[in-house]
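Secondary and tertiary structure notes
The primary structure of each chain is shown beneath.
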Amino acid sequence: MEEKKIPYKIYLKEDEIPRQWYNVRADMKKKPAPLVDPDTMKPITLDKLSQVFCRELAEQELDDTTPYIDIPEELIDFYKMYRPAPLVRAYCLEKELGTPAKIYYKFEGNNTSGSHKLNSAIAQAYYAKQQGLKGVTTETGAGQWGTALSMACSYFGLDCKVFMVKVSYEQKPHRREVMRTYGASVTPSPSMTTEVGRKIFEEHPGTGGSLGCAISEAVEAAMTSGGEYRYVLGSVLNQVLLHQTIIGLETKAALDKYGVKPDIIIGCAGGGSNLGGLISPFVGEMLRGEADYRIIAVEPASCPSLTRGKYVYDFCDTGKICPMAKMYTLGSGFIPSSSHAGGLRYHGMSSTLSELYDQGLMEARSVEQTSVFAAAVQFARVEGILPAPESSHAIRVAIDEAMKCKKTGEEKTIVFGLTGTGYFDMFAYERFNNGQMSDYIPTDEEIAKFAATLPEQPEL
Ligand SMILES: *Cc1c(COP(=O)(O)O)cnc(C)c1O
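Residue positions within a chain follow its written sequence, with the count starting from 1. Residue-level local features of this predicted model are given only where pLDDT is at least 70; pairs of side-chain atoms are given and counted only at 80 or more, and the full residue set underlies all totals for whole chains, interfaces and linings. No hydrogens and no water enter the side-chain calculation; it runs on all heavy atoms of the structure.

**Observations concerning the site of the ligand**
The environment of the ligand is formed by 19 residues, the closest being Lys117, Ser235, Ser273, Asn274 and Thr419. A distance of 2.8 Å separates an oxygen atom of the ligand from a polar atom in the backbone of Gly272. Any N or O atom pair separated by 3.5 Å or less is treated as a polar contact, with the protein-specific requirement of one donor-capable and one acceptor-capable atom, and with residues adjacent in sequence counted only for side-chain atom pairs. The contact in question runs from a nitrogen atom of the ligand to an N or O atom on the side chain of Thr419, over 2.7 Å. The fraction of the free accessible surface of the ligand (380 Å²) that becomes covered by protein chains is 98%. The cutoff for a nearby residue is simple: one of its non-hydrogen atoms must lie within 4 Å of the molecule or strand. Accessible surface is estimated by sampling points in the Shrake-Rupley manner with a 1.4 Å probe; for residues, cover comes only from the protein chains shown.

**As for the environment of Ala428**
Strands are runs of DSSP state E lasting at least two residues, helices are runs of H or I lasting at least four, and both sets are numbered from the N terminus onward. Following the sequence through the fold, Ala428 ends up in helix α17 (residues 426-433). With relative accessibility at 3%, the residue Ala428 sits in the buried group. Here the alpha-carbon distance between Ala428 and Thr224, two residues 204 residues apart in the chain, equals 37 Å. Here's how the labels work: a residue is buried when its accessible area is under 20% of the maximum for its type, exposed when over 50%, partly exposed in between, all with a 1.4 Å probe on protein chains only.

**Looking at the packing of helix α5 (residues 118-130) against helix α11 (residues 238-257)**
A packed helix pair is summarised by two numbers, namely the angle formed by the two axes and the spacing between the axes. Following both chains from N to C, one finds α5 and α11 inclined at 125°, their axes separated by 8 Å at the closest point. It follows from the interaxial angle that α5 and α11 lie oblique. Here α5 and α11 pass one another in a crossing that is right-handed. Of α11, the residues touching α5 (which contributes Asn119, Ser120, Ala123, Gln124 and Tyr127) are Gln239, Val240, His243, Gln244, Ile246 and Ile247. In this classification, the charged set is Asp, Glu, Lys and Arg, the nonpolar set is Ala, Val, Leu, Ile, Met, Phe, Trp, Tyr, Cys and Pro, and all remaining amino acids, among them Gly, are polar. Of the residues belonging to the contact of α5 with α11, the class tally is five nonpolar, six polar and no charged. Orientation is described by lines fitted to C-alpha atoms, with helices fitted over the stretch in contact, and by angles between N-to-C directions that extend from 0 to 180 degrees. Here is the rule for angles: anything less than 35 degrees is roughly parallel, anything more than 145 is roughly antiparallel, 65 through 115 is roughly perpendicular, and the remaining ranges are oblique. Definitions for this section: a left-handed crossing has its near helix turned counterclockwise from the far helix by less than a right angle. A right-handed crossing has that turn clockwise. Note on definitions: a residue-residue contact is assigned when non-hydrogen atoms from the two residues lie within 4.5 Å.

**Focus on the packing of aromatic side chains**
Working definition: an aromatic ring pair is given by the centre-to-centre distance plus the angle between the planes. Here a pair means two rings of Phe, Tyr or Trp (six-membered ring of Trp) with centres within 6.5 Å. Their orientation is stacked below 30 degrees between planes, edge-to-face above 60, and tilted elsewhere. Taken as a whole and judged by the stated rule, the model has 18 aromatic pairs. Consider the rings of Tyr22 and Tyr68, whose centres lie 5.3 Å apart with planes at 40°: the pair is tilted. Here Tyr22 is found in strand β2 (residues 20-22), whereas its partner Tyr68 is found in strand β5 (residues 68-70), with 46 residues between them in sequence. Look at Tyr22 and you get buried, because its relative accessible area is 2%. Consider the rings of Phe373 and Tyr429, whose centres lie 5.1 Å apart with planes at 80°: the pair is edge-to-face. Of the two residues, Phe373 sits in helix α15 (residues 369-383) while Tyr429 sits in helix α17, which places them 56 residues apart along the sequence.

**Looking at the pattern of salt bridges**
Two side chains of opposite charge can pair, provided their charged atoms sit close to one another. The term salt bridge refers to a pairing of a side-chain nitrogen on Lys or Arg with a carboxyl oxygen on Asp or Glu at a separation within 4 Å. Applying the stated criterion to the full structure yields 28 salt bridges. Between Lys257 and Glu16 there is a salt bridge, with its nearest N and O atoms 3.0 Å apart. A residue pair is termed long-range when its members are at least 10 positions apart, and Lys257 in helix α11 and Glu16 in the loop between β1 (9-10) and β2 qualify at 241 residues. Judged by relative accessible area, which is 45%, Lys257 ranks as partly exposed.

**Overview of the pairing of strand β9 (residues 159-165)**
Of all seven residues making up β9, five are buried, and the element is well covered by its neighbours. By the bridge criterion, six bridges tie strand β8 (residues 135-140) to β9 in an arrangement that is parallel. Within β9, the position partnered with Thr138 by the bridge is Val162. Here the term right-handed applies to a crossover when the path leading from its first strand over the helix to its second strand runs clockwise, the strands being oriented away from the viewer. Taking the sense of rotation as the criterion, the β-α-β connection linking β8, helix α6 (residues 144-156) and β9 turns out right-handed. Across five bridges, the pairing between β9 and strand β10 (residues 185-189) is parallel. The partner of Val162 across the bridge, within β10, is Val186. Strand pairing is assigned whenever DSSP identifies at least 2 bridges connecting the two strands.

**Quick look at helix α2 (residues 55-62)**
Within α2 the residues assigned to the buried category are Leu57, Ala58, Gln60 and Glu61. Each buried residue of α2 lies within a common arc of 160° when the element is viewed along its axis, so the set occupies one face. Taken together, the buried residues of α2 touch β2, α1 (46-52), β5, α5 and α11. Here the arc refers to the directions that run from the helix axis out to each C-beta atom.

**Here we look at helix α9 (residues 195-203)**
Within the span of α9, buried status applies to Val196, Gly197 and Ile200. The arc that holds the buried residues of α9, viewed along the axis, is 100°, so those residues lie on one side. Relative to its buried face, α9 has exposed residues pointing more than 90 degrees away, namely Glu195, Lys199 and Glu202. Buried residues belonging to α9 abut α10 (211-223).

**Quick notes on the nonpolar core**
Buried Ala, Val, Leu, Ile, Met, Phe, Trp, Tyr and Cys residues that are joined via side-chain atoms within 4.5 Å together make up what is termed a nonpolar core. Within the largest apolar cluster, 102 residues are counted, with the highest numbers of intra-cluster contacts made by Trp21, Tyr231 and Ile279. For Tyr231, the contacting residues outside a window of four places in its chain are Val52, Phe53, Thr137, Thr138, Glu139, Ile215, Ala218, Val219, Ala222 and Cys322. Core analysis: the second largest hydrophobic core is formed by 27 residues, Ile266, Ile296, Val298 and Phe379 among them.

**As for the sheet that holds strand β17 (residues 413-418)**
One open sheet accounts for seven strands, arranged β1-β6-β7-β17-β12-β13-β16; its pairing is mixed. At either end of the open sheet lies a strand with only one pairing partner, and these are β1 and β16 (363-367). Bridging between strand β6 (residues 87-89) and strand β7 (residues 102-107) involves three bridges; their strand directions are antiparallel. What sits directly across from Val88, in β7, is Tyr105. Running over the sheet, α11 touches β1, β6, β7 and β17 and is turned about 140° from β7.

**Regarding the sheet that holds β9**
Across the sheet, which stays open at both edges, the four strands sit in the order β10-β9-β8-β11 with parallel pairing between neighbours. Edge positions in the sheet fall to β10 and β11 (229-231), since each of these pairs with one other strand and no more. Direction aside, the axes of adjacent strands within the sheet are offset by 25° on average. Against the sheet, α6 touches β8 and β9, its axis set at about 165° to β8.

Keep in mind these numbers describe shape, not what the thing actually does.
Put into structure tokens, the structure is as follows:
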């Protein structure tokens, strides 16, 4: 049989792992709006931000001028456990669809935590260790971030306290046990262990919790630890997007090897870190006028921050302890219905992605979960990988775009981010397989109700 010119999987060599992260903000003429300190309503200072995050991470958070930042050697060694990640040519899916489109996906589910989140978890754990901290606190929704952080902390000998959104804690006991196996302590959120948790319980008895609320508890636990712990966050922040650029840099290196230039780049967007990481090197080319791409962010119709939110300053957490970020947001009080794509249930969006979207460099689309699972099943049956529900949002739109090509006969090259595997999401798959899954789209009234809780805007 004739060998294909482009292999099914493009693997880079270990010595081709990028040595630097790429900071796309350095190439943006109009920068994302600065983080604002809610106490002063002015841009937050490095000193103040260093009380919440490790010093080095606070610096990365605020740096919008340095284009390339060295990846510490210890991190490269860790990355080698599961990177470079393969870029897969989806020949089987193309055949199944009968499309002339050429489809590629970057697979980030090749590690025990099952998603791209380990890329930033290990970086954040490294800097915490460097700073001599005892440990870190965090929230987790679907559980991927908590799992990734547990792995990272155990590697560097740090203590790890995870506040897990209550519905996930109950629906995903195995996720919880993976975290505990790696030595983390896991508390369902809201909990009675923090002031903000007790308050949320009082106001919303019986709540299944939300990411924003779990963030508040994790921040409080760090702030009241006498400086021994720092809070770490798995998405939204500039620092996380920066660490995730390893995805896009590897993708670009693999495509360049074969002289392939994508037309459309697609990713799911919760807080925006995987998408931001995937697209950054490509957006950099767009910003420098070197190339042009269509970029599509995909979000759940149940939590549509880009497509139906407002572009304003908002709190990153329900407890309003974190600094404020200008972003597309549904309001930090937004508690979405229990959509199964837990990792996409966040009220806001990375301020960098928000700004790119506002400048028209990126499109956004929202999709309903039954159609997402239909795409997931179709993909799993031909490509083999059982995708995470979050990742399947990107699959949905990749298939939609490939089917458009089938109609028009265009041979477009589509690249999408396959952020993780769905082995811990079988509860959701079960509902889909049983025909019990329904779609939920918030009404305009509901969107307006939460938008009314947006904070007073700073005058900068
Ligand atoms: C967390 C998660 C996401 C969404 O987070 P982003 O920060 O938007 O990337 C997507 N896919 C998977 C598998 C996840 O675990």
